[in-house]
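Chain and residue survey
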Amino acid sequence: ESTFSNDYFCGTNWLDAAKTCPKHCPSGDDSDCSGALGDGYKCFTFTGCREKIDAGEIEDPDDDNNNINNNSNNDNDDIVFPILGGGIGGGKSNFCGTSWGA
């Protein structure tokens, strides 16, 4: 594995990979991305993702402790619920919160 492969990350384009860093693809193979994230995802290099991870700016997608589906230490405090457009009153009844009751 080359030093450059540490900065190979998936995205729908280079900018998406550099902004979101959803999955590390050290092999450089697009199939690592499309197989895990769906069609349209490819592997890009020189994304700056590894630097952001090392600086603590974003979480490492390879760290199983950051996976929301990992129930071993998940009390749901950090779940963000999306705001849905439209709805009753043109979206006036949609609010941000960490839970329905918040």
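Here, the structure is the one placed above.
Throughout what follows, the structure given in this document is the object of discussion. (Residues numbered from 1 in each chain as written. Predicted model: local features only at pLDDT ≥ 70, side-chain atom pairs only at ≥ 80, totals over all residues. Heavy atoms only, no water.)

So, on to the overall build of the protein chain. Helix and strand counts for the protein chain stand at three helices and two strands. If you list the helices and strands of the protein chain from N to C, you get β-α-α-β-α. Within the protein chain, counting contacts between residues at least 6 apart in sequence, those at least 24 apart form 47% of the total. For the protein chain, the accessible area works out to roughly 7400 Å², and carbon and sulfur atoms hold 51% of it. (Helix = DSSP H or I, 4+ residues; strand = E, 2+ residues; numbered from the N terminus. Contact = heavy atoms within 4.5 Å. Areas by Shrake-Rupley, 256 points an atom, 1.4 Å probe, with all protein chains shown as cover.)

On to the environment of A17. Here A17 is to be found in helix α1 (residues 14–20). Every residue in contact with A17, bar those within four places of it in the chain, is listed here: F9, C10, G11, F44, T47 and C49.

Right, let's talk about the state of the cysteines for a bit. Going through the model one piece at a time under the given rule, you end up with three disulfides. A sulfur-sulfur separation of 2.0 Å characterises the disulfide bridge that pairs C10 with C33. Looking down the S-S bond of the C10 and C33 bridge, the torsion is -80°, so its handedness is left-handed. With a gap of 23 residues between them, C10 in strand β1 (residues 9–11) and C33 in helix α2 (residues 30–37) connect regions that are remote in the sequence. Here C10 and C33 have matching classes, each one buried. (Disulfide = S-S within 2.5 Å. Buried < 20%, exposed > 50% of the residue type's maximum accessible area, 1.4 Å probe, protein only.)

Another point: α2. Between the side-chain oxygen at the start of α2 and the backbone nitrogen of S31 there is a gap of 2.9 Å, and the oxygen is on D29. A positive backbone phi angle near 115° is found at G38, which sits one or two residues after α2. (Polar contact = N/O pair within 3.5 Å; in protein donor to acceptor, adjacent residues only side chain to side chain.)

Checked against the element boundaries, S27 lands in the loop between α1 and α2. Taking the C-alpha atoms as reference, S27 lies 8.7 Å from C43; in sequence the two are 16 residues apart. Residue contacts for S27: discarding those within four places in its chain leaves Y8 and D32. A polar contact of 3.1 Å, which involves the side chain of S27, links it to the backbone nitrogen of D29.

Now for the environment of S5. Here S5 shows up in the segment before β1. Each C-alpha atom of the pair S5 and R50 lies 9.8 Å from the other, and the pair is 45 residues apart in sequence. Aside from chain neighbours lying at most four places away, what touches S5 is H24 and P26.

This part takes up unusual backbone geometry. Phi at C21 takes a positive value of approximately 45°, unusual for a residue other than glycine. Judged by its relative accessible area of 3%, C21 is buried. Backbone geometry at F46 places phi at a positive 55°, although glycine is not the residue there. For F46, the location among the structural elements is in the loop between β2 (42–44) and α3 (49–54).

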